[in-house]
Amino acid sequence: MRTFEKSSKLDNVCYDIRGPVMDEADRMIAAGERIVKLNIGNPAPFGFRAPDAVIDTMSNNLTLTEGYSDSKGLFSAREAIVKYCKLKNIPNVTVDDVYTGNGASELITMSMQGLLNNGDEVLVPAPDYPLWTASVTLAGGTAVHYICDEQSEWNPDIEDIRSKITDKTKGIVVINPNNPTGALYPREILEQIVDLAREHELILFADEIYDRLVMDGHEHIALASLAPDLLTVSFNGLSKSHLIAGYRCGWMCLAGDKSKAKGYVEGLKLLSSMRLCSNVPAQSLIPAALDNLEDTKKLLVPGGRVYEQRNYVVDAIADIPGLSVVKPKAAFYCFPKIDIKKFNITDDEQFALDFLKEKHILFTHGKGFHWDEPDHFRIVYLPCVDDLKIAMEAMKDFMATYKQA
Ligand code: PLP
């Protein structure tokens, strides 16, 4: 009998966010059990609401956005993105260099599909946002992971990056602010990455979707702003800063020197045309959204939800023997460390599963982010403090006796 298997192109694509832990969570939910979800960076289910002005803009535009747009996006949307790039000192971006997408996700995949041949290498952080590794692999490339160093506030380890550059390396992915660590990289680190890219003629891929979610008075520095003489492909979008992940609204900008990338740009144009265009109603709210950066800021200062929830979680982790965490400066994630000897942990996925079964609380184990040791997990601190309290008290209780078999 003829059977239909998944494409062999997917054989090495690792997107470990699902697996047995999620299967068990799905089973529990289907059985009517309540679980607290600390596993997904999707603000809306946790009571976050997009600014009214932004939603109103889209509603008012619905009848005007029934058709396809230009494959790169509405002119007005791309013009607003160019203005935003200027605000961030991202050099040499015109409307022609901007591609809107159904979330940054679509464009991350497109950026790799348009560039890589079999065997090409791309440097990707570990831990990573796993779509990057999956996209490199699906495009026929090899994701070579460089270490972000917990001892140094999770900053990229420059020597490790340097040691992993080969003549097959085409680019370096920098996720800043970072998912899953919540790190925000300082200028010196970014400059050293740019220097390496300059020395080895690499493309910079800057995933900056959390650039408007920075706390404690820190400033986000756009990678492209430090590299006017290189090609930087910058990714951004409204899923997180404007709390509208479901609208699928993202963009990618080609910045800096594009003179050596004419072929790559041709490839991107082709791929962009093949998907016709991204969601047009969502594109239509980009100008209003980028004119409204104030509502996001309110979440990030004392009294704001993201700020208070971060502080609660960080303090609660510090209070659990055997756990520690680097305080995140941005986004809404942290990546606590587990003393694996104390708990005899050899399998972090099993740890997540055991915790879910016993306490009905869901988080993602470190391997889901291409972190090789079984000694980390990610907490998304989007739930309100009352729910976080339930989760963290349960965790304290669980860790008091847990030993992996
Ligand atoms: N990049 C990073 C680092 C992310 O964390 C996410 C989503 O969680 C994305 C990109 C994708 O965002 P979207 O496709 O919603 O724009």
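In the block above lies the structure referred to throughout.
Residues numbered from 1 in each chain as written. Predicted model: local features only at pLDDT ≥ 70, side-chain atom pairs only at ≥ 80, totals over all residues. Heavy atoms only, no water.

Draft legend 1. Quick look at the pattern of salt bridges. In this structure the tally under the stated criterion is 23 salt bridges. With a closest N to O distance of 3.8 Å, Asp70 and Arg78 form a salt bridge. Residue classification places Asp70 among the partly exposed residues on the basis of a relative accessible area of 43%. Notably, a salt bridge pairs Lys83 with Asp291, separated by 3.6 Å at the nearest N-O pair. (Salt bridge = Lys/Arg side-chain N within 4 Å of Asp/Glu carboxyl O. Buried < 20%, exposed > 50% of the residue type's maximum accessible area, 1.4 Å probe, protein only.)

Draft legend 2. Region of the structure containing the site of the ligand. If you check the shell around the ligand, you find 13 residues, and the closest are Ala104, Ser105, Asp207, Tyr210 and Ser239. Between the ligand and the protein, one listed contact pairs an oxygen atom with a backbone N or O atom of Ala104 at 2.7 Å. A distance of 2.6 Å separates an oxygen atom of the ligand from a polar side-chain atom of Tyr210. Top contributing element to the shell around the ligand by residue count: helix H4 (residues 103-113), with four residues. The residue inventory of the shell around the ligand, partitioned by class, reads six nonpolar, four polar and three charged. (Near = heavy atom within 4 Å. Polar contact = N/O pair within 3.5 Å; in protein donor to acceptor, adjacent residues only side chain to side chain. Helix = DSSP H or I, 4+ residues; strand = E, 2+ residues; numbered from the N terminus. Nonpolar A, V, L, I, M, F, W, Y, C, P; charged D, E, K, R; others polar.)

Draft legend 3. Looking closely at the sheet that holds strand S7 (residues 203-207). Here we have eight strands laid out as an open sheet, ordered S2-S9-S8-S7-S6-S3-S4-S5, and mixed in their pairing. Of all the strands in the sheet, the pair left with one neighbour each is strand S2 (98-101) and strand S5 (155-156). The pairing of strand S3 (residues 121-126) with strand S4 (residues 142-149) spans six bridges and is classified as parallel. Residue pairing in the sheet places Leu123 in a bridge with Val144 of S4. Running over the sheet, H4 touches S2, S3, S7, strand S8 (231-237) and strand S9 (250-256) and is turned about 45° from S9. (Pairing = 2+ DSSP bridges. Contact = heavy atoms within 4.5 Å. Axes fitted to C-alpha atoms, helices over the stretch in contact; angles between N-to-C directions.)

Draft legend 4. Seen up close, the pairing of S8. Counting buried positions along S8 gives seven out of seven residues, so the element sits mostly inside the fold. Pairing analysis gives four bridges linking S7 to S8, with the strands arranged parallel. The partner of Ala206 across the bridge, within S8, is Ser234. Looking at chain direction, S8 and S9 are connected through seven bridges and run antiparallel. Along S9, the bridge assignment pairs Gly237 with Gly250.

Draft legend 5. Summary view of the environment of Pro45. Within the fold, Pro45 resides in the loop between strand S1 (36-37) and helix H2 (52-61). Exposure remark for Pro45: the relative accessible area of 58% places this residue in the exposed category.

Draft legend 6. Main features of the state of the cysteines. Under the counting rule described, the total for this entry stands at zero disulfides. Left without a disulfide partner, Cys85 is nearest to the cysteine sulfur of Cys253, which lies 3.7 Å away. By relative accessible area, Cys253 is classed as buried at 2%. (Disulfide = S-S within 2.5 Å.)

Draft legend 7. Main features of the sheet that holds strand S11 (residues 333-334). If you walk across this open sheet you meet the three strands as S11-S15-S14, and the pairing is antiparallel. The two strands at the open ends of the sheet, each matched to only one other strand, are S11 and strand S14 (364-365).

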